[in-house]
Each structure stands twice: as structure tokens, then as C-alpha cells.
Amino acid sequence: MLLVWASCARQTRKRNGTVRRCCASMHQLASTQARAAVTFRTGRGRVAHTAMLGTLAIHGSRGLATLAETVGTRYSVIQAPMLGSATHKLAAAVAAAGALGSIGSAAMTPTQLRAEVAAFDALTQHHTDAMLPVNLNFFCHPHPNMRDAVTAAAARRAQQQLQVFYDELQLGPVPLPRPTPRPFHQPILDAVLDIHATRRSQHPSCVRASRTRCCMVVSFHFGLPEDDLLQPLLQTPGIVTAATATTQREAQYLSSRGVDVVVAQGIEAGGHRGSFEETPGTTGCGTVQLIEDVRHAFDHPPPHTPPSGHCDAATSPPLLVAAGGIMDAGDASRVLRAGADGVQVGTAFLAAQEAVIAPSYWRALTTASTGDTRHTRALSGGNARGIVNRYMRDMEGHERDLPPFPVMNSLTAALRLAGAAAAAAASTSATASTSAVASSFAASTSATASTSAASVAMDDDGDDHLDGDGAAGDDDGDDHGAVAPSSTARESVTAGPEGVQGVNDFGAHWAGTGVSKLAAQRVPAATVLQGFLPAWD
């Protein structure tokens, strides 16, 4: 057995506010085809992992700093920042259990963001006196210009296509679109930096122990922000940056911009694909294949200069995290063997008791079978994987001409709200007077249509959760605060895609391909996490 000590090969530099890994001897070993067993040890003498040369694709084998060490957690597991479901409650429970908790922050205002992080800290301080890291996730999608003729024309076509569903649910005319939320912008950056500085000042022992210790991960979906927004994050001690890639080319771009962690999202992942170079109609590849492709690219960088305007992240590649279809320890083991440094888990954490999820969403998840999910643009305008329902089937064949995210999302918001109300009514005994219910719902949906620009701003992510502070609009698609549907609406959406009563036939029930493995009962987040840990045994 060949014993390789990593301490002599490690080089550190203050960059991106964290310690970058550089272990040349390990990369040289990885490029060989010897079939000897190798055990890597850290400078503290702890065995990191054993692997076979030639693959050398095991967690922690590419440098002294593992994913857990880099982001400041016990385990190399990230709870996916599922917008709406992943609030401070889920993130805090995951963090207390030893993994990286994430808050879906893309639709939040600076005030809401500060409140969420404060609530996260309040919960985690019950478990430990130390400051636990948290991942704040933001969108970097192109901001649609409604004055653009192509976008405006697509929105008008979508309004015409959606009117039949609005008529069915007695919602009145399809509202005018409003392209929110905004992508990552200066007020949000200012809030993030302020939150980070406040947290570090409140935990001086953490700063004294390590000036570069991670206390916050800032991650991005749909690409990266402009340099004037990204560089302050890269240069701030204690902040680790991460971003999603769906192709090898996207991963190489993120590396060239200097991010610390690349989350490689395979085609199996639920929710929105984080693509930013993917062309319409592209199918993508599976998580294992994507990890292998990106690992090869990171271990064998091309000898050329990065594109103009991009910095050279240079001395070592980012850490590589696998996302998509990871539902248990077996799935995690496969991506670790393929070259991942850790995993990001989404759908499995929807079973956590701390996840915010509508009853109709949970019914859809627990009744779905393998093959019941597919990608669609019909709900939000973005390419996202969800459980197939009647609306998705009816819109199939019309998706190519739909307006982009989040324009389409604002057009379907009232549909999702009404569908959730119908599902709630179908899952309980409907004893109220039909005329009174119809009257109440008609009045509410009329107001929703006329003020949709205001209500959509509270929840325009395309899912079935409330993402703001629960303020006016109640455009969350859940079963709280929504009025019941009319009798016509109830009859049309009583059953879900497989005839399951109480499933929202217009809902955005995002889920990965492994949804059939989901726990049948809600359990603590710590229990969900424990199911993945045998992958590191």
C-alpha cells in the first residue's frame, strides 16, 4: 500500500475568503493508471479515504480541505436550497445535524433575508454555542424585457393558451405578466455582506480561531452575477461561493470565474435546471456521467487562457458536488466513486418535518411512481422537473413558444393558487354551501387577477410554497389562507394525475426522478441525513 501524506503538497492562499486546495502530487497520481491501493492522510494524521489509482474519485482525495472542511460542517452533504420548502427551519435542522443547511433566498427582499438568517441563528444556537454556516441561494437568470417584441408576443400567446384554464376555474381574464423576482442585484449583495459581518462580529471566538473560517455560503442558480457583484463575495473572508452547472462547459466557466464549489446538476434533479448556456431542447446527461465529465475536465485543464473578462481561478479546481437523483446512501456512493467531493440532496429532504410543503404537494410526492416526473416549461417558463399532472399534459406541445422565466410563472400563479384550493377542498368534506363557496371564491379570484402583479411578487418561483413573509396575496399554492373553489373548479381538479384525490392538477410539484424512494412518512431532517452517511463508511 502506498501512503501519501497531503500536508507537504498543500498550498494555501487567501482567496475568495477561504482556503483553496492545491495538491499537485495527488493530481499526478490521479493521472496514472496504476492499480495500487492508496490511503490519503491529512496533516493531522487522520485517514481521509482509500481508493484505487486510476479512478481516484473518492471524497476528500483531491486536497487536504474536504467539502465539509471548506464549508464548515461535519458531513459533506448540502441540503438543496429548494425555494419555498427550504426556509430557516429546515436549514437550521440540517445544520444542527451536521450538514450544510440552505435557504432558498431568490425571492426575498433584504429585510426578509435578514429575518430568515436571524431566525436560523436563533434556532441553531439552541444546539450549539458556535456559529453554524448557512447557504443562501440566489438566481442569476436573465431579467426579461417586456418591451422586447419577441418576449411580449410570447406572453400574449401564453395568455391566450391559458385562458381556457382560467375559464375552467372561473378566474376571469389571464393577468398581465410581471417578470419578478429580480436576479441577484446590489441591494441583496449589500444585505448579504452586512449579515455576514454582523454574524462574525457576534462570534469573535470564531474569527480568532480562523480568520477564513466559513460562516456563510453564497450560491447561485442560472449562472453567476456580474463581476462587480461577484468580486466582493470572492474577496470577503469567511464567505464560500458556489454555483450550479449542468454541463462540463458550464462547470469550466464557473471555475474560471473563481467559485469555490461547483454543484453539478444531473438531468435527474427535481425543480429548475440551473442551466445558463443550455439551448432549448437540450436533454442533458445523468448525474454520474456529468460528475465524471467535470472531474476529468478539472483534473486535466486545457492549456489555454480563460475567455476575456474572466479571472483565472488557477491553482486548483473548485470542489465538485453532485446533485440530481440522490435519494439514499447507494446513490451517494455512486457519485462519490465517479469523482464528487460531496452531494446535494433535494427531494429526499421534502420528507423532513421541518420542510414547508403543502398537503397537496405531499400527496403528489407520496403517490408518484418511477417515471411520473418530466421536465416542463409550462409552469414557470424555466425548464424544471416535476410530477406530471393534467395541466402539464395539456400544455405539452405548446412549450416551445412560451415566454421565459419568470414571465410565464406570473401568468400561472393564479392557476396554482386555485388548483391548491381545489385540492384542499377535495381532500376534506365539502359541507359548505356551494353558492356561498362559489361566491367567496369568485370574489377572491377576481381580486387576485386584478392585483396579480402585487401578489405574484410574493411567490413567483413556480412552486407551491409561500416564499415571502406571508403577506398579502397568499399566492403560495398551499392550503393555508386560500379560499375554496367553486363547484365547477372542484369537479375539474378533484383527482391528481393518477386519480389521487386532493392532488393539485395545476400545481408545480417539483421532484427528482427518485421520488418513488421518498419516505412514506414525515421524519426529522436529522433522520433524513442519517440515511446518506453510510456512503462514507
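Preceding this section is the structure that the text describes.
Below: a short report on this structure.

Parameters at a glance
All residue numbers here refer to positions counted from 1 along the written sequence of the relevant chain. The predicted nature of this model means local features are confined to residues of pLDDT at least 70 and side-chain atom pairs, given and counted, to a pLDDT of 80 or more, with totals for whole chains, interfaces and linings taken over all residues. Only hydrogens and water are set aside when side-chain values are computed; all heavy atoms of the structure are taken into account. The numbering of helices and of strands both runs from the N terminus, where a helix is a DSSP run of H or I of at least 4 residues and a strand a run of E of at least 2. Should any heavy atoms of two residues lie within 4.5 Å, those residues are considered in contact. Calculation of accessible area relied on Shrake-Rupley with a 1.4 Å probe; when residues are assessed, cover is drawn exclusively from the protein chains displayed. For each residue, the accessible area found with a 1.4 Å probe, counting protein chains only, is set against the maximum for its type, and the residue is called buried under 20%, exposed over 50%, and partly exposed in between. The set of buried Ala, Val, Leu, Ile, Met, Phe, Trp, Tyr and Cys residues whose side-chain atoms join them within 4.5 Å is what this entry labels a nonpolar core. Strand pairing requires that DSSP identify at least two bridges connecting the strands. Helix axes are fitted to C-alpha atoms over the stretch in contact, other axes to C-alpha atoms as well, and angles between N-to-C directions run from 0 to 180 degrees. One fewer than the residue count of a helix, multiplied by 1.5 Å, yields its expected span. The criterion for an aromatic pair is that two Phe, Tyr or Trp rings (for Trp, the six-membered ring) have centres within 6.5 Å, with stacked assigned to planes under 30 degrees apart, edge-to-face to planes over 60 apart and tilted to the rest. Oblique is the label for every angle not falling under 35 degrees (roughly parallel), over 145 degrees (roughly antiparallel), or within 65 to 115 degrees (roughly perpendicular). Helix crossings fall into two classes, left-handed where the near helix is turned counterclockwise from the far one by less than a right angle and right-handed where it is turned clockwise. Only Asp, Glu, Lys and Arg are considered charged in this grouping, and only Ala, Val, Leu, Ile, Met, Phe, Trp, Tyr, Cys and Pro are considered nonpolar; every other residue, Gly among them, is considered polar. Definition used for salt bridges: Asp or Glu carboxyl oxygen within 4 Å of a side-chain nitrogen of Lys or Arg.

1. Some remarks on the overall build of the chain
Thought 1: Within the chain one finds 18 helices and 16 strands.
Thought 2: The long-range share in the chain, meaning contacts at least 24 apart out of those at least 6 apart in sequence, stands at 70%.
Thought 3: If you sum the accessible surface of the chain, you get close to 20300 Å²; carbon and sulfur atoms cover 54% of it.

2. Structural notes on helix α3 (residues 88–97)
Thought 1: Burial of α3 is extensive: eight of the 10 residues sit out of reach of the surface.
Thought 2: For α3, the complete set of buried residues consists of H88, L90, A91, A92, A93, V94, A95 and A97.
Thought 3: Where the residues of α3 are buried, they touch β6 (77–79), β7 (101–104), α4 (110–124) and α18 (525–530).
Thought 4: In the stretch just after α3, G98 is the one whose phi turns positive, near 115°.

3. Things to note about the nonpolar core
Thought 1: F220, L365 and Y391 are the most contacted members of the largest nonpolar core, which totals 109 residues.
Thought 2: Among the elements that make up this core, the one with the highest residue count is α3 (seven residues).
Thought 3: With 13 residues, the next largest nonpolar core counts L100, V217, A242 and A323 among its residues.

4. Considering the pairing of strand β16 (residues 384–387)
Thought 1: Summarising the sheet, strand β12 (residues 271–272) and β16 pair through two bridges and their orientation is antiparallel. Opposite G271, over in β16, you have R385 as the bridge partner.

5. Regarding the sheet that holds strand β11 (residues 261–265)
Strand pairing in a sheet relies on backbone hydrogen bonds. The paired strands run either parallel or antiparallel.
Thought 1: In space, the eight strands of this open sheet follow the order β6-β14-β13-β11-β10-β9-β8-β7, with parallel pairing throughout. The open sheet is flanked by β6 and β7, the only strands paired with a single partner. In this sheet, neighbouring strand axes are inclined to one another by 25° on average, regardless of whether the strands run parallel or antiparallel.
Thought 2: Pairing analysis gives six bridges linking strand β8 (residues 134–139) to strand β9 (residues 216–221), with the strands arranged parallel. Considered in β9, the bridge of N137 is made with S219.

6. Observations regarding the environment of P173
Thought 1: Structurally, P173 is set in the loop between α5 (149–168) and α6 (186–201).
Thought 2: Exposure remark for P173: the relative accessible area of 58% places this residue in the exposed category.

7. Section: helix α10 (residues 287–299)
Thought 1: Here α10 contains 13 residues, and its C-alpha end-to-end distance of 18 Å stays within 8% of the 18 Å for a straight helix at 1.5 Å per residue.
Thought 2: Looking at α10, one finds that the buried residues are T287, L290, I291, V294, R295, A297, F298 and D299.

8. Brief notes about unusual backbone geometry
Thought 1: Here the bond from F405 into P406 is cis, since omega is 0°, no more than 30 degrees from zero.
Thought 2: With respect to the helices and strands, the residue P406 is situated in the loop between α13 (390–395) and α14 (407–426).
Thought 3: A positive phi is found at Q170, a non-glycine position, where the angle reads about 55°.
Thought 4: Mapped onto the elements of the fold, Q170 is located in the loop between α5 and α6.

9. Description of the packing of aromatic side chains
Thought 1: Going through the model one piece at a time under the given rule, you end up with 10 aromatic pairs.
Thought 2: Centre to centre, the rings of F165 and Y391 are 5.2 Å apart; their planes meet at 70°, and the pair counts as edge-to-face. Of this pair, F165 sits in helix α5 while Y391 sits in helix α13, and the two are 226 residues apart along the sequence.
Thought 3: Ring centres of Y391 and F506 lie 6.1 Å apart, and the angle between their planes is 45°; on these two criteria the pair is classed as tilted. Of the two residues, Y391 is situated in helix α13 and F506 in the loop between α17 (487–492) and α18; the sequence distance between them amounts to 115 residues. Here the two residues Y391 and F506 agree in accessibility, since each one is buried.

10. Some details on the packing of α4 against α6
Thought 1: Running from N to C, α4 and α6 point in directions that differ by 25°, and their axes come no closer than 9 Å. Between α4 and α6, the interaxial angle falls into the category roughly parallel. Crossing of α4 over α6 shows right-handed handedness. Residues P110, L113, R114, V117, F120 and D121 of α4 touch α6, and the partners they reach there are P187, I188, A191, V192, D194, I195 and R199.
Thought 2: Taken together, the residues of the contact of α4 with α6 break down into nine nonpolar, no polar and four charged.

11. Observations regarding the packing of α5 against α14
Thought 1: Between α5 and α14, the shortest axis-to-axis distance is 11 Å and the interhelical angle comes to 15°. The orientation of α5 relative to α14 falls into the category roughly parallel. Crossing geometry of α5 relative to α14 is assigned as right-handed. The segment α5 lies against α14, with A155, A158, Q159, L162, F165 and Y166 engaging V407, M408, L411, T412, A414 and L415.
Thought 2: A per-class count over the contact of α5 with α14 returns 10 nonpolar, two polar and no charged.

12. Notes on the side chain of T287
Thought 1: The topology assignment puts T287 in helix α10.
Thought 2: Once residues within four sequence positions are removed from consideration, T287 is found in contact with A264, G266, E268, A322, A323, G324 and V335.

13. Things to note about the side chain of T151
Thought 1: Summarising the element assignment, T151 is placed in helix α5.
Thought 2: Among residues more than four places away in sequence, those in contact with T151 are N145, M146, P403 and P404.

14. Some words on the sheet that holds β16
Thought 1: One open sheet holds the three strands; their spatial order is β12-β16-β15, and the pairing between them is antiparallel. Strands with a single pairing partner mark the edges of an open sheet, and in this sheet they are β12 and β15 (373–376).

15. Considerations on the pattern of salt bridges
Thought 1: As enumerated under the stated definition, the model contains 14 salt bridges in all.
Thought 2: Across the salt bridge formed by D121 and R199, the nearest N and O atoms sit 2.7 Å from each other. Here D121 is found in helix α4, whereas its partner R199 is found in helix α6, with 78 residues between them in sequence. Across the pair, exposure class does not vary: D121 and R199 are buried alike.
Thought 3: Salt-bridge contacts for R374 lead to E396; the nearest nitrogen and oxygen are separated by 4.0 Å. Within this pair, whereas R374 is found in strand β15, its partner E396 is found in the loop between α13 and α14, the two being separated by 22 residues in sequence.
Thought 4: Since its relative accessible area comes to 18%, R374 is described here as buried.

Just distances and angles here, no functional claims.
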